[in-house]
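Each chain, written out:
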Amino acid sequence: QVQLVESGGGQVQAGGSLRLSCAASGRAFSSYAMGWFRQAPGKEREFVAAISWSGDSTYYADSVKGRFTISRDNAKNTVYLQMNSLKPEDTAVYYCAAAAARCSGYGCYANRYQYGYWGQGTQVTVSS
């Protein structure tokens, strides 16, 4: 079992930055691949970024590539999402997720059904 708690959301103007954190409790955090997803009102939950259990591999949605960076600190049981050059279309609730299953490649990491544990979400609002 893994419990996930996101923090760091808020309101920012377009072009600004935010850093989201996801603190994990439970067993063997370092064995889980971690992902960030987001959901805007009236839309499906979509993949944003993911990182392998070791941190060696990262994956990004095209819409955030070059602007967002995912990282993890296994000693602190925490995964981060640094978001720069934010746009109004980035406005959403952002969720942290953990996947116990072995993943290989973008298609696996981007599939929300691979993730068995989810946080409660944190709101990010970007104003123009």
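The following refers to the structure shown.

Moving on to the pairing of strand β3 (residues 18-26). Of the strand pairs in this sheet, strand β1 (residues 2-7) and β3 are connected by six bridges, and their pairing is antiparallel. Residue pairing for β3: glutamine 3 is matched across the bridge by serine 25. In terms of strand pairing, β3 meets strand β8 (residues 78-83) through six bridges, oriented antiparallel. Note that in β8 the partner of alanine 23 across the bridge is threonine 78.

Looking now at the state of the cysteines. For the structure on display, the rule yields two disulfides. Put simply, cysteine 103 and cysteine 108 are joined by a disulfide, and their sulfur atoms are 2.0 Å apart. Taking the torsion about the S-S bond as the criterion, the cysteine 103 to cysteine 108 disulfide, at about -80°, is left-handed. Cysteine 103 gets classed as buried once you look at its relative accessible area, which sits at 16%. Taken in sequence order, the bonded cysteines of the protein chain link in the pattern 1-2, 3-4.

Let us look at the pattern of salt bridges. For side chains bearing opposite charge, pairing can occur when the charged atoms are close. All told, the structure shown has five salt bridges when counted by the stated rule. In this structure, the salt-bridge partner of arginine 38 is aspartate 90, at a minimum N-O distance of 2.9 Å. Separated by 52 residues along the polypeptide, arginine 38 in strand β4 (residues 33-39) and aspartate 90 in the loop between β8 and β9 (92-99) bring together distant segments of the chain. A relative accessible area of 5% places arginine 38 in the buried class. Take aspartate 90: its relative accessible area is 1%, and that puts it in the buried class. Among the ionic contacts, a cluster of salt bridges with common partners joins Arg38, Glu46, Arg67 and Asp90.

Moving on to the packing of aromatic side chains. With the rule as written, the count across this model stands at seven aromatic pairs. Taken together, the ring pairs in this structure connect Phe37, Phe47, Tyr106, Tyr115 and Trp118 into an aromatic cluster. Above the plane of the ring of tyrosine 95 lies arginine 45, whose end atom (NZ or CZ) is 3.7 Å from the centre.

A word on the side chain of serine 52. The topology assignment puts serine 52 in the loop between β5 (46-51) and β6 (58-60). Among the residues examined, serine 52 registers a relative accessible area of 5% and is labelled buried. Ignoring any residue separated from it by four or fewer positions in sequence, one finds serine 52 in contact with Ala33, Ser57, Arg72 and Tyr109.

Bringing the sheet that holds β8 into the picture now. The strand order across the open sheet formed by four strands is β1-β3-β8-β7, and the pairing between neighbours is antiparallel. Looking at which strands have only one partner, the edges of the open sheet turn out to be β1 and β7 (68-73). Shown here is a sheet whose adjacent strand axes are inclined to one another by a mean of 15°, direction ignored.

Thresholds applied
- Residues numbered from 1 in each chain as written.
- Predicted model: local features only at pLDDT ≥ 70, side-chain atom pairs only at ≥ 80, totals over all residues.
- Heavy atoms only, no water.
- Pairing = 2+ DSSP bridges.
- Helix = DSSP H or I, 4+ residues; strand = E, 2+ residues; numbered from the N terminus.
- Disulfide = S-S within 2.5 Å.
- Buried < 20%, exposed > 50% of the residue type's maximum accessible area, 1.4 Å probe, protein only.
- Salt bridge = Lys/Arg side-chain N within 4 Å of Asp/Glu carboxyl O.
- Phe/Tyr/Trp six-rings, centres within 6.5 Å; stacked < 30°, edge-to-face > 60°.
- Lys NZ or Arg CZ within 6 Å of the ring centre and 35° of its normal.
- Contact = heavy atoms within 4.5 Å.
- Axes fitted to C-alpha atoms, helices over the stretch in contact; angles between N-to-C directions.

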